[in-house]
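# Coordinates in review
Here is what each chain is made of, one letter per residue.
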Amino acid sequence: MDLEKLFFCPVYYKNFGNKVRDLNKRLIADIDKEMLEYETDHNRSFVKNGHTWQSRHKMENRHDSFREFADLIESVYDCSCRSVWANVIFGAGGFSRPHNHGARVDIPKTVKGSRGDRLHMPTQKQLNRKEDLGRYSQASTGVYYPKGLVKIDNLDDLDETKLFMPRWNGSDEGVLVFFDPTSYLRGTNDVATVRPRESLLLLFPAWLTHMVAPMATNTKRYSMSFTLKPLVDSEI
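This write-up is about the structure you can find in this document. Note that this is a predicted model, so its numbers are computed, not measured.

Right, let's get into the overall build of the protein. Assigned secondary structure in the protein consists of four helices and 14 strands. For the protein, the residues scored as buried account for 50% of the 236 residues in total. Counting only contacts in the protein whose residues sit at least 6 apart along the sequence, the fraction spanning at least 24 positions is 79%. Put simply, the protein shows about 11,500 Å² of open surface, and 49% of that area lies on carbon and sulfur atoms.

Below is the structure:
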């Protein structure tokens, strides 16, 4: 698991590459099926315009592909992946408004294991300790892209120097935009952006405000979001 520091925030990322191509196809098929069956609650962050859709929460309980995805996350991180949902922008002008997924965040820690480095989440016992208040919370969040905005022949080939960009160009459709939570202290509006890419996973603080830039074309933009809960019986 690789780490990028945006502003002062830890943002972890992993490219699952070619090995999950089949899973990605099944995720897209199940998302498209859900779009025909479920009308989104209009109070959610992706539905303030006519070109976006969000699924129900806990999709891992509805589709095998989503449960397999949650298992994949849990095989890499010492955590429980819960409440997976899907987001789709299907038309020009579609976007998500600035939002976050919670007020506080777990501080993950990379630890050595028999199967290589793993990202370890705090235990419930640690969450309850008074001396750890302010360091941990009940959930972290993340986003995964089962499909990118452009086709990539070799998903294992990732240029990490171009993954996070320290700016938002108005022509960059569909990018994930992170807002620096301290920029208002300096009278600026600093952001960082990530372009959606098939098989890319991001894990970031649940309180970090973000949005999706408007799409300029009718290219379908698929993403999946989720929460992570610490394992009660894990050791740090």
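Right, picking up where we left off after that structure.
Taken in spatial order, the five strands line up as 5-13-10-11-9 in an open sheet, and their pairing is antiparallel. Edge strands, defined here as strands with exactly one partner in the open sheet, are strand 5 (96-99) and strand 9 (164-165). One ladder, built from four bridges, connects strand 10 (residues 176-179) with strand 11 (residues 191-194); its direction is antiparallel. Within strand 11, the position partnered with Phe-178 by the bridge is Ala-192.

Attention shifts here to the nonpolar core. Formed by 28 residues in total, the largest nonpolar core has its most connected members in Phe-16, Ile-31, Phe-66, Phe-69, Ile-73, Tyr-144 and Met-224. Among the secondary structure elements, those contributing two or more residues to this core are helix 1 (21-37), helix 2 (64-76), strand 4 (77-89), strand 12 (200-204) and strand 14 (221-230). Beyond its immediate chain neighbours, meaning those up to four positions away, Phe-66 contacts Leu-27, Asp-30, Ile-31, Met-59, Glu-60, Val-84, Ala-86 and Met-224. Of all hydrophobic cores here, the second largest spans 16 residues; its members include Tyr-13, Tyr-145, Phe-178 and Leu-202.

On to helix 2. Look at helix 2: 19 Å from first C-alpha to last across 13 residues, which is about the 18 Å you get at 1.5 Å a residue. Those residues of helix 2 lying buried are Ser-65, Phe-66, Phe-69, Ala-70, Leu-72, Ile-73 and Val-76. For helix 2, the buried positions fall inside an angular range of 155° around the axis, keeping them on one side.

Reading the values: rules and limits
- Residues numbered from 1 in each chain as written.
- Predicted model: local features only at pLDDT ≥ 70, side-chain atom pairs only at ≥ 80, totals over all residues.
- Heavy atoms only, no water.
- Helix = DSSP H or I, 4+ residues; strand = E, 2+ residues; numbered from the N terminus.
- Buried < 20%, exposed > 50% of the residue type's maximum accessible area, 1.4 Å probe, protein only.
- Contact = heavy atoms within 4.5 Å.
- Areas by Shrake-Rupley, 256 points an atom, 1.4 Å probe, with all protein chains shown as cover.
- Pairing = 2+ DSSP bridges.
- Core = buried A, V, L, I, M, F, W, Y, C linked by side-chain atoms within 4.5 Å.
- Expected span 1.5 Å × (residues − 1).
- Arc of directions from axis to C-beta.

Keep in mind these values describe shape, not function.
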